[in-house]
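Listed here are the chains, written in short residue letters.
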Amino acid sequence: MDEQKTRPGMTTVNFSVVMHNFFAAARRLLWLFVLLAALVGGLTYYRTDATYIPQYSTSAVFMVRANYAATTDILSSSNYMDKSATQMLAATFPYVIQSETTQALLRQYLHADVINGSISATTTADTALFTLTVTSTDPHAAYDILKATIAVYPNAASSILGDTQIHIINEPAAPPTVPISQNTAQKTALAYAGLVLLVGLFLIFLLSLSRRTVHSADDLRKLVNLKCMSYIPSIKLKKHSSKERLHLTITNPNISASFTESIRNLRVKLIKYMDDRRQQVLLITSTMPNEGKSTIATNLALSLASEGKRVILIDGDLRKQALKASIGINEPSDGLAEILQNSAKNFRLLQVPGSSLVLLSGDVTYGQPQALLDSPRMKQVIELLRERMDYIIIDAPPAGILSDAATMAKYTDAVLYVVRQDLAATTQILSSIQSLSSSGANLVGCVLNKTQVGTTRTGYGSKYGNSYGYGYNYGYKYAAGYGRHDKSKYNNDAAEYELLTRELHDAAEHGSDE
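Described in the following lines is the structure provided in the data block. No experiment lies behind these values; they were computed from the predicted model shown. (Residues numbered from 1 in each chain as written. Predicted model: local features only at pLDDT ≥ 70, side-chain atom pairs only at ≥ 80, totals over all residues. Heavy atoms only, no water.)

With respect to the overall build of the protein
In step 1: Of the regular secondary structure elements, the protein holds 17 helices and 14 strands.
In step 2: By the burial criterion, 45% of the 514 residues in the protein qualify as buried.
In step 3: Restricting to contacts in the protein with at least 6 residues of sequence separation, those with at least 24 account for 78%.
In step 4: Approximately 26,500 Å² of the protein is accessible, and the part contributed by carbon and sulfur atoms is 54%. (Helix = DSSP H or I, 4+ residues; strand = E, 2+ residues; numbered from the N terminus. Buried < 20%, exposed > 50% of the residue type's maximum accessible area, 1.4 Å probe, protein only. Contact = heavy atoms within 4.5 Å. Areas by Shrake-Rupley, 256 points an atom, 1.4 Å probe, with all protein chains shown as cover.)

Some remarks on the packing of helix α8 (residues 257-276) against helix α9 (residues 293-306)
In step 1: Taken N-terminus to C-terminus, the directions of α8 and α9 make an angle of 70 degrees; their axes are 9 Å apart at the nearest point. As far as their axial angle goes, α9 and α8 are roughly perpendicular. Counting all contacts with α8, which are made through F259, I263, R264, L266, R267, L270 and I271, the residues of α9 involved are T295, I296, N299, L300, S303, L304 and S306.
In step 2: Classifying every residue of the contact of α8 with α9 gives eight nonpolar, four polar and two charged. (Axes fitted to C-alpha atoms, helices over the stretch in contact; angles between N-to-C directions. Parallel < 35°, antiparallel > 145°, perpendicular 65-115°, else oblique. Nonpolar A, V, L, I, M, F, W, Y, C, P; charged D, E, K, R; others polar.)

What to know about the sheet that holds strand β13 (residues 414-420)
In step 1: Strands sit in the order β7-β14-β13-β8-β12-β9-β11-β10 across an open sheet of eight strands; the sheet is mixed. Only two strands of the sheet have a single partner each, and these edge strands are β7 (228-233) and β10 (350-351). (Pairing = 2+ DSSP bridges.)

Details of the packing of aromatic side chains
In step 1: Per the counting criterion, the structure on display carries three aromatic pairs.
In step 2: Ring geometry for F22 versus F205: centroids 6.2 Å apart, planes at 70 degrees, classification edge-to-face. Highlighted residues: F22 in helix α2 (residues 15-51) and F205 in helix α6 (residues 185-210), separated in sequence by 183 residues.
In step 3: Given the relative accessible area of 31%, F205 is considered partly exposed.
In step 4: Here the aromatic residues F22, F23 and F205 are joined through ring pairs into a cluster of three or more. (Phe/Tyr/Trp six-rings, centres within 6.5 Å; stacked < 30°, edge-to-face > 60°.)

Some remarks on a nonpolar patch on the surface
In step 1: Judged by side-chain polarity, L195, V199, F202, L203, F205, L206 and L209 come together as a nonpolar surface patch covering roughly 600 Å² of accessible area.
In step 2: Mapped onto the elements of the fold, V199 is located in helix α6. (Patch = residues over 30% accessible without salt bridge, like charges linked within 9 Å, V, L, I, M, F, W, Y side chains within 5 Å. Salt bridge = Lys/Arg side-chain N within 4 Å of Asp/Glu carboxyl O.)

Considerations on the nonpolar core
In step 1: Membership of the largest hydrophobic core comes to 53 residues, with the highest contact counts inside it found for I312, I314, L336, L385, I429, L436 and L504.
In step 2: Of all the elements, helix α13 (residues 376-388) adds the most residues to this core, at five residues.
In step 3: If sequence neighbours within four positions are ignored, L385 has contacts with I312, I314, I392, L500 and L504. (Core = buried A, V, L, I, M, F, W, Y, C linked by side-chain atoms within 4.5 Å.)

Here we look at the packing of α2 against α6
In step 1: One can describe the packing of α2 onto α6 by two numbers: an axis separation of 7 Å at closest approach and a directional angle of 155 degrees. When the axes of α2 and α6 are compared, the pair comes out roughly antiparallel. As for the relative orientation of α2 and α6, their crossing is right-handed in sense.
In step 2: In terms of residue class, the contact of α2 with α6 is made up of 24 nonpolar, eight polar and one charged. (Left-handed = near helix turned anticlockwise from the far one by under 90°.)

Thoughts on unusual backbone geometry
In step 1: Its identity is not glycine, yet H111 carries a phi of approximately 55 degrees, on the positive side.
In step 2: With respect to the secondary-structure elements, H111 resides in the loop between α4 (100-110) and β4 (118-123).
In step 3: On the basis of relative accessible area, H111 is assigned to the exposed category, the value being 74%.
In step 4: Located in the positive-phi region is N225, a residue other than glycine, with phi close to 55 degrees.
In step 5: Relative to the elements of secondary structure, N225 occurs in the loop between α7 (217-224) and β7.

A few points about the pairing of strand β12 (residues 391-395)
In step 1: A large share of β12 lies buried, amounting to five of its five residues.
In step 2: Of the two faces of β12, the one carrying Y391, I393 and D395 and the one carrying I392 and I394 are both buried.
In step 3: Pairing geometry for strand β8 (residues 281-286) and β12, over four bridges, is parallel. Counted as the bridge partner of L283 is I394 from β12.

Side note on the pattern of salt bridges
In step 1: A complete count under the given rule lists 13 salt bridges for this structure.
In step 2: Between D218 and R221 there is a salt bridge, and its shortest N-O distance comes to 3.6 Å. Of the two residues, D218 and R221 are both situated in helix α7; the distance of three residues between them amounts to about one turn of the helix.
In step 3: You can call D218 partly exposed: its relative accessible area is 22%.
In step 4: Since its relative accessible area comes to 23%, R221 is described here as partly exposed.
In step 5: Residue E261 pairs with R264 through a salt bridge whose shortest N-O separation is 3.3 Å. In this pair, E261 and R264 are both assigned in helix α8, three residues apart and thus about one turn of the helix distant. R264 shares its class with E261; the two are buried.
In step 6: Each of E383, R386 and D413 takes part in a single network of salt bridges with overlapping partners.

Let's talk about the side chain of T149
In step 1: Topologically, T149 is positioned in helix α5 (residues 139-161).
In step 2: In terms of polar contacts, T149 uses its side chain to reach the backbone carbonyl oxygen of I145, at 2.7 Å.
In step 3: Excluding anything up to four places from it in sequence, T149 contacts I97, L106, I119 and L132. (Polar contact = N/O pair within 3.5 Å; in protein donor to acceptor, adjacent residues only side chain to side chain.)

Regarding α9
In step 1: With 14 residues, α9 ought to run about 20 Å at 1.5 Å a step, and its terminal C-alpha atoms sit 20 Å apart, in line with that.
In step 2: Of all 14 residues in α9, 12 are buried; the element is thus mostly enclosed.
In step 3: All buried positions along α9 are accounted for by K293, I296, A297, T298, N299, L300, A301, L302, S303, L304, A305 and S306.
In step 4: The positive-phi residue at the C-terminal boundary of α9 is G308, with phi of around 85 degrees. (Expected span 1.5 Å × (residues − 1).)

Quick word on the environment of L323
In step 1: Here L323 lies in helix α10 (residues 323-327).
In step 2: Taking the C-alpha atoms as reference points, L323 and L313, separated by 10 residues in sequence, lie 9.1 Å from one another.
In step 3: With residues near it in sequence (within four places) discarded, L323 still touches S294, T298, L313, I314, D315, L359, S361 and D395.

As structure tokens, then:
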């Protein structure tokens, strides 16, 4: 029921895919945000630390007494402090400290034009206890100002309160050593760096949420309504001293059995499809470069040749002739372009080592090959090859960025579309396939390439997590056969290939351009 409700071109959000995209993007981009966070944190630390000015504070607690004479007779008197006097002292003490008289006396006492610090005074309710606090950027200045204030206060207060006395209860013995203001440079820098990282992770998550690529067979079906004919696992080749061992082909003994078996499964399905319809010419393309279409074309051709079939692999990407290097052939040769424009001087079909497969590939690249590919000679070459070969495999340029594949598709029987997992955007894939379809191409299906274990059916972390177990267990039975199969009846028939070479050359010389 779900399949019937899903139309081609529609995609749904899969949380496991989003998280996979998030972690994959984080691995690629997180270093950039870490670097940016470190830069922002460093600059913030430098700026905050440069503007930091430590403040030192020192305090003294004392009691102030004002003397009042209460006369009971002419012979005796007593000094006393009543409640009203205490309230008067509490109200006037801060003003006395801040008065101009006190400030002038302080400057005179300290022999300074400016007092390097601030003075504040607080009172304890219903008592004659006062706290005098001095704050300054210089701890010694704070201490000196405090001592000076205690010394000049009685003189400053005498004009307001009369005779007063200070009784020290608690005073510092030395200048302060620890600032009261903290240097927040480190905390501020860490806060800004953390904020940059959080913003970076949020942006990566938004990118992952908005990223629409193909991750599974279901994605392909929902997007283009094409059958996924095979899943090709991602293979990482270990570097060896011999460069030949780096070739990603089924004839390489270092290639895993899962890769070999996936190519074999693709071959079986394509043979059944094409033989039932008497088809011979298969074009292989993709949306973008680096999706692995050339690897699929090469290994499919090798697999077909291993069954004793007469197979030719054509390097149809005239803008980037790369098949020879990927197979390990270093011989100079002319290719399809030289045949089509009748300029072949060193033309010959190349025998792929360890296989009966022959290769048509050149060395010279062409920037604008559309006219050559759309010429009558292209059709003549394909028709000649139909008569001599069982299968013709054409490795075409990416259809998503060039029209070459659509141009060549009209000379072929079928088109196999390669989609690399999590690379091309779904909009690009859909547009490319629609363009091929509008040109008359017969799309037989897709290949999901470079897949990770457990992702080929419905998404990451699905119940098909061991879907490649079959390839590992069953594929070894056949892996040894590739590259060491029984020689086909055409393997050593150099005369046959020589004849085909001459025929192709003659077709180029005498073919019609009309």
